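Structural description and commentary
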There are 2 protein chains.
Amino acid sequence: MASDSAKRLTIYDLARFAETSPSTVSAVLNGSWKRRRISQKLADKILTLAQSEGYSANMQARALRRERSGIIGMILPLYDNRYFSSIAQHFEAQARKRGLFAIVACTNRDPAQEREAARMMLAYRVECLVSTGATDPDTISLMCEEAGVASLNLDLPGSKAPSIISDNRDGARRLTLAILDRLDANGAAHSDGVLFIGGRGEDHNTRERIEGFIKARTERGLATRDADILPCDYAADKAQVALEAYMRHRTRLPAAMFVNSTIALEGIVRWLQQSGHQLDEVTVGCFDWDPLAAALYPHLMMARQSVEVMIEQLFAMIDDPAQAPGTLVEVAPELIGI
Amino acid sequence: MASDSAKRLTIYDLARFAETSPSTVSAVLNGSWKRRRISQKLADKILTLAQSEGYSANMQARALRRERSGIIGMILPLYDNRYFSSIAQHFEAQARKRGLFAIVACTNRDPAQEREAARMMLAYRVECLVSTGATDPDTISLMCEEAGVASLNLDLPGSKAPSIISDNRDGARRLTLAILDRLDANGAAHSDGVLFIGGRGEDHNTRERIEGFIKARTERGLATRDADILPCDYAADKAQVALEAYMRHRTRLPAAMFVNSTIALEGIVRWLQQSGHQLDEVTVGCFDWDPLAAALYPHLMMARQSVEVMIEQLFAMIDDPAQAPGTLVEVAPELIGI
DNA sequence: ACACTTTGCACAACCGATTGTGCATGTTTC
DNA sequence: GAAACATGCACAATCGGTTGTGCAAAGTGT
């Protein structure tokens, strides 16, 4: 029977009920009562009372006084792909395990939204802020530094905070080698080339993956033409348009493609379908992972970033700060469908 | 140059800098200064100062005093499918539009985790709590009621708070009709039946979808056997196992399947593949949506739940409370690939 | 019986904002 | 020129916890 007007229970109410003082109630409820030499008997009484009355501490008041919010924040480009949503989910689980409350904000790969979200999180006094796939991680780190809050980068590196990212270069290299192996096994001619498509030319990960791609080809004695590298951004439509344009100058499909994200893959597949092609006409390796796509198309090779490990490393750094700002941890992705 | 020891700026600091009082600074910064007859000149001075010094209000203090946290909470089964992650993303966007801060917690379809997350959110004094796909929404509503906090249900209905859900029954009916039309068009024999697979027999949505499924078949003069309805839970493995078991008693694949979620689809597809079947051997309608699957397999029929509309309806109810607890809003899903 | 220590708790000052109220000036009215 | 009103701001209480400190009463030693 909670009436709207009935204010929530406070330690002052409990103190009255238990005929003791608010400070004693507080000590009992936050666990510091042993240290404060509160008797077992009184503690039990208060705990029982709190339980039966359904008391729940006001976190704002606690945070205000303790100058610790118990909140940890993350900014994320978006939720709706397997990689980022998995990051959010593991982040939350690990935060909870540490008694922290996780808050996550989507910022759509937009620097202005990233800053705005960071500002809000700092206003809520997060104890630590993780920038995931941020287009401008260093500005976020600066904002955090001014507020005296720890910051970390995930997925994309920054120079002003420690970063945990995938080993993009070697992952791309291994994926490319797998593609080339597959072509060899199929007896396909390498002369048709392999197209690298998707991602942002300006972003660190895409650049690294391109280098890994080229490196693998070099190892196999293959040269790589600039025209075969199309970082057309992270968007299905853009990939579709880019492939369309690419194919205008060609008579045949490339033998294989290195597709730099599932969202780009979506555009590729749509273009193939609309152009009357089958997906199996081209060998595809995707630097990203989606289980349904894997089930639907088992020949698809994919690099699955090790989200669990990355989040573990992230919290290892959070638990033990004092990392140099430039620290870079690279986690090897796992190849699937090889 | 923020030193670690330097505490964050407060209105007291600003008051000293501007040679005025904290209450005046507060009024200026929270917009109530006109009403309080603070002069334009002083207001400008304070605003400029706050800007240049990078002041940001302590939300805990504000929340404590105002007895309004500015936070709105949502519990969610999980992030990693397109439906729920899209819900989270739209929820956040709409919340931000209203100046609210959204916090989302994953509870893995586990009633205990649901309660625990709700408890935390109430401790942070959320102004409203949305239970999405909750296995036990009514308990959450009760907890909220005791705390004097509004609660709403999304995706799955409850009896103690207004609910916004998909029109599962009619959506399933329309999807089933589309499946039957497709079978007719292909000249397939109906006698092989259509298998309904996936979801939880106990959950409202699955039950409704089963009814819609049966209704559509009845409309076409088809009887439905209990054995052709397999609500094997939301999990790829369970769907795979269920299909395996189902097929042990049959010599041929069913002509079509009504797959009750993309996660079940994953298991179905894996079983087909492992059993040497092609996905095109069976007509599939999936009550769920995934754009990559749609691209990879355009023949797949899917019911896409209208997340945007549902979230709009949700916030319409939040903006204007005073709905009867039992209110049920049903939003029609959209059929894709028909 | 006296000094000394331990036990058990209450007091009160915060944390940083918000807001009802009061009180000097300055301006208008008749 | 006095009363009446408006302007512009400061004071202080408050939200609900946390925590340093103080002080009785009970226990211990001699």
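Here is what the cut-offs are and how they apply
Residues numbered from 1 in each chain as written. Chains lettered and ligands numbered in written order. Predicted model: local features only at pLDDT ≥ 70, side-chain atom pairs only at ≥ 80, totals over all residues. Heavy atoms only, no water. Disulfide = S-S within 2.5 Å. Near = heavy atom within 4 Å. Polar contact = N/O pair within 3.5 Å; in protein donor to acceptor, adjacent residues only side chain to side chain. Helix = DSSP H or I, 4+ residues; strand = E, 2+ residues; numbered from the N terminus. Nonpolar A, V, L, I, M, F, W, Y, C, P; charged D, E, K, R; others polar. pLDDT = per-residue confidence, 0-100. Domains from an automatic or database assignment. Buried area = accessible area lost by both parts, 1.4 Å probe. Salt bridge = Lys/Arg side-chain N within 4 Å of Asp/Glu carboxyl O. Pairing = 2+ DSSP bridges. Expected span 1.5 Å × (residues − 1). Contact = heavy atoms within 4.5 Å. Buried < 20%, exposed > 50% of the residue type's maximum accessible area, 1.4 Å probe, protein only. 1 Å grid on protein atoms, 1.4 Å probe; cavity = no way out; pocket = protein on both sides within 12 Å on 5 of 7 lines; lining within 4 Å. Points joined across faces, edges and corners; volume = space filled by probe spheres on them. Core = buried A, V, L, I, M, F, W, Y, C linked by side-chain atoms within 4.5 Å. Axes fitted to C-alpha atoms, helices over the stretch in contact; angles between N-to-C directions. Least-squares fit on C-alpha atoms with pLDDT ≥ 70 in both.

Here we come to the state of the cysteines. Evaluated as defined, the whole model comprises 0 disulfides over all chains. Looking at the unpaired Cys128 of chain A, the closest cysteine sulfur is the one in Cys144 of chain A, lying at 7.9 Å.

So, on to the protein's contact with DNA strand C. The environment of DNA strand C is made up of 27 residues, and the closest members are Ser39 and Arg65 of chain A together with Ile11, Ser26 and Arg65 of chain B. Counting only the atoms of DNA strand C that lie within 4 Å of the protein, the sugar and phosphate share comes to 48%. Within the side chain of Arg37 of chain A, a nitrogen or oxygen atom sits 3.0 Å from a base oxygen of DNA strand C. The backbone of Ile11 of chain B places a nitrogen or oxygen atom 2.6 Å from a phosphate oxygen of DNA strand C. Of all the secondary structure elements, the ones that give two or more residues to the surface near DNA strand C are α2 (22-30) and α4 (59-66) of chain A together with α1 (11-18), α2 (22-30) and α4 (59-66) of chain B. Considering every element that reaches the surface near DNA strand C, the biggest residue donor is α4 of chain B, with 5 residues. Here the surface near DNA strand C is built from residues that sort into 9 nonpolar, 10 polar and 8 charged.

What follows deals with the confidence of the model for chain A. This prediction gives chain A a mean pLDDT of 90; 97% of its residues lie at or above 70. Ranking the helices and strands of chain A by mean pLDDT puts strand β12 (residues 301-304) of chain A first, with 96, and helix α12 (residues 291-296) of chain A last, with 88.

Below, the discussion takes up the domain arrangement of chain A. All names here are of chain A. Looking at the assigned domains, one finds that chain A contains domain 1 (11-57), domain 2 (69-165 + 307-331) and domain 3 (168-304). Between domain 2 and domain 3 the total buried area reaches about 840 Å² when both faces are included, carbon and sulfur atoms providing 50% of it. Looking only at domain 2, the three residues that lose the most surface to domain 3 are Arg82, Arg109 and Leu156, adding up to 53% of its buried area. Between Glu308 and Arg304 there is a salt bridge, with its nearest N and O atoms 3.8 Å apart. Partitioned by chemical class, the residues of the side of domain 2 that touches domain 3 number 4 nonpolar, 1 polar and 4 charged.

A word on the sheet that holds β12 of chain A. Residue and element names in this part refer to chain A. Read from one edge of the open sheet, 6 strands run β8-β6-β10-β11-β12-β14, paired in mixed fashion. Only two strands of the sheet have a single neighbouring strand rather than two, namely β8 (229-230) and β14 (334-336). One ladder, built from 4 bridges, connects strand β10 (residues 256-259) with strand β11 (residues 283-286); its direction is parallel. Across the sheet, residue Met257 finds its bridge partner in β11, namely Val284.

Our next topic: helix α10 (residues 236-248) of chain B. Taking 1.5 Å of rise per residue, the 13 residues of α10 of chain B would be expected to cover 18 Å, and the 19 Å separating its terminal C-alpha atoms lies within 8% of that figure. At its buried positions, α10 of chain B is contacted by β6 (194-197), β8 (229-230), β9 (232-233), β10 (256-259) and α11 (262-274) of chain B.

On to the environment of Ala18 of chain A, then. Residues and elements named next belong to chain A. Looking at the secondary structure, you find Ala18 in helix α1 (residues 11-18). For Ala18, a relative accessible area of 2% gives the class buried. Sequence separation between Ala18 and Leu42 is 24 residues, and the spatial gap between their C-alpha atoms is 8.4 Å.

Turning our eyes to something else, we now look at the pairing of strand β6 (residues 194-197) of chain A. Residues and elements named next belong to chain A. Here β6 shows two buried faces, one formed by Val194 and Phe196 and the other by Leu195 and Ile197. Bridge count between β6 and β10: 4 bridges; the pairing is parallel. Note on β10: the bridge partner recorded for Phe196 is Phe258. Two elements, β6 and β8, share 2 bridges in a ladder whose sense is parallel. Its bridge partner lying in β8, Phe196 is registered against Ile229.

The next thing to look at is empty space enclosed by the protein. All chains considered together, the criterion is met by 1 cavity of 30 Å³ or more. Of the volumes computed, that of the largest cavity is approximately 60 Å³. Every residue along the wall of the largest cavity is listed here: Asp80, Asn81, Arg82, Thr262, Ile263, Glu266, Trp289 and Asp290 of chain A together with Arg82 and Leu292 of chain B. Ranked by residue count, the leading element in the lining of the largest cavity is helix α11 (residues 262-274) of chain A, at 3 residues.

Next up on the list: the protein's contact with DNA strand D. By nearness alone, 26 residues border DNA strand D, and Arg36, Arg62 and Arg65 of chain A together with Thr24 and Ser39 of chain B come closest of all. Measuring from a base nitrogen of DNA strand D, one finds a side-chain N or O atom of Arg36 of chain A at 2.7 Å. Contact distances for DNA strand D include 3.0 Å between a base nitrogen and a side-chain N or O atom of Ser23 of chain B. Among the elements of the structure, α1, α2 and α4 of chain A together with α2 and α4 of chain B are those that each provide at least two residues to the surface near DNA strand D. For the surface near DNA strand D, the element with the highest residue contribution is α4 of chain A, accounting for 4 residues.

Each partner contributes to the interface: chain A provides 59 residues, whereas chain B provides 58 residues. A combined buried area of about 5,600 Å² lies between chain A and chain B, and 58% of that area is made up of carbon and sulfur atoms. The tally of links from chain A across to chain B stands at 19 residue pairs in polar contact (both at pLDDT 80 or more). Elements that contribute at least two residues to the side of chain A that touches chain B include exactly α4, α5 (82-97), β2 (101-106), α6 (111-123), α7 (137-147), α11 and α12 of chain A. Of the residues that constitute the side of chain A that touches chain B, the class distribution is 33 nonpolar, 12 polar and 14 charged.

The next thing to look at is the nonpolar core. Counting 59 residues, the largest nonpolar core has Ile197 and Leu243 of chain A together with Ile197 and Leu243 of chain B as the members making the most contacts within it. Counting residues in each nonpolar core, the second largest holds 56 residues, with Ile72, Phe84 and Val104 of chain A together with Ile72 of chain B among its members.

Another point: the sheet that holds strand β4 (residues 150-154) of chain B. All names here are of chain B. The strand order β2-β1-β3-β4-β5-β13 describes an open sheet built from 6 strands, whose pairing is parallel. Edge positions in the sheet fall to β2 (101-106) and β13 (328-331), since each of these pairs with one other strand and no more. Across the sheet, the mean angle from the axis of one strand to that of its neighbour is 20 degrees, orientation sign disregarded. Across 6 bridges, the pairing between strand β1 (residues 71-76) and β2 is parallel. Its bridge partner being in β2, Met74 is matched across the sheet by Val104.

Now for the relation of the copies chain A and chain B. Superposition record for chain A on chain B: RMSD 0.1 Å, screw rotation 180 degrees, translation along axis 0.0 Å. In symmetry terms, the pair is related by a two-fold rotation axis. Minimal C-alpha distance to the rotation axis in chain A is attained by Gln60 of chain A, lying at 2.3 Å. In this assembly, 98% of the residues forming the interface of chain A have copies in chain B that are likewise at the interface, indicating an isologous arrangement.

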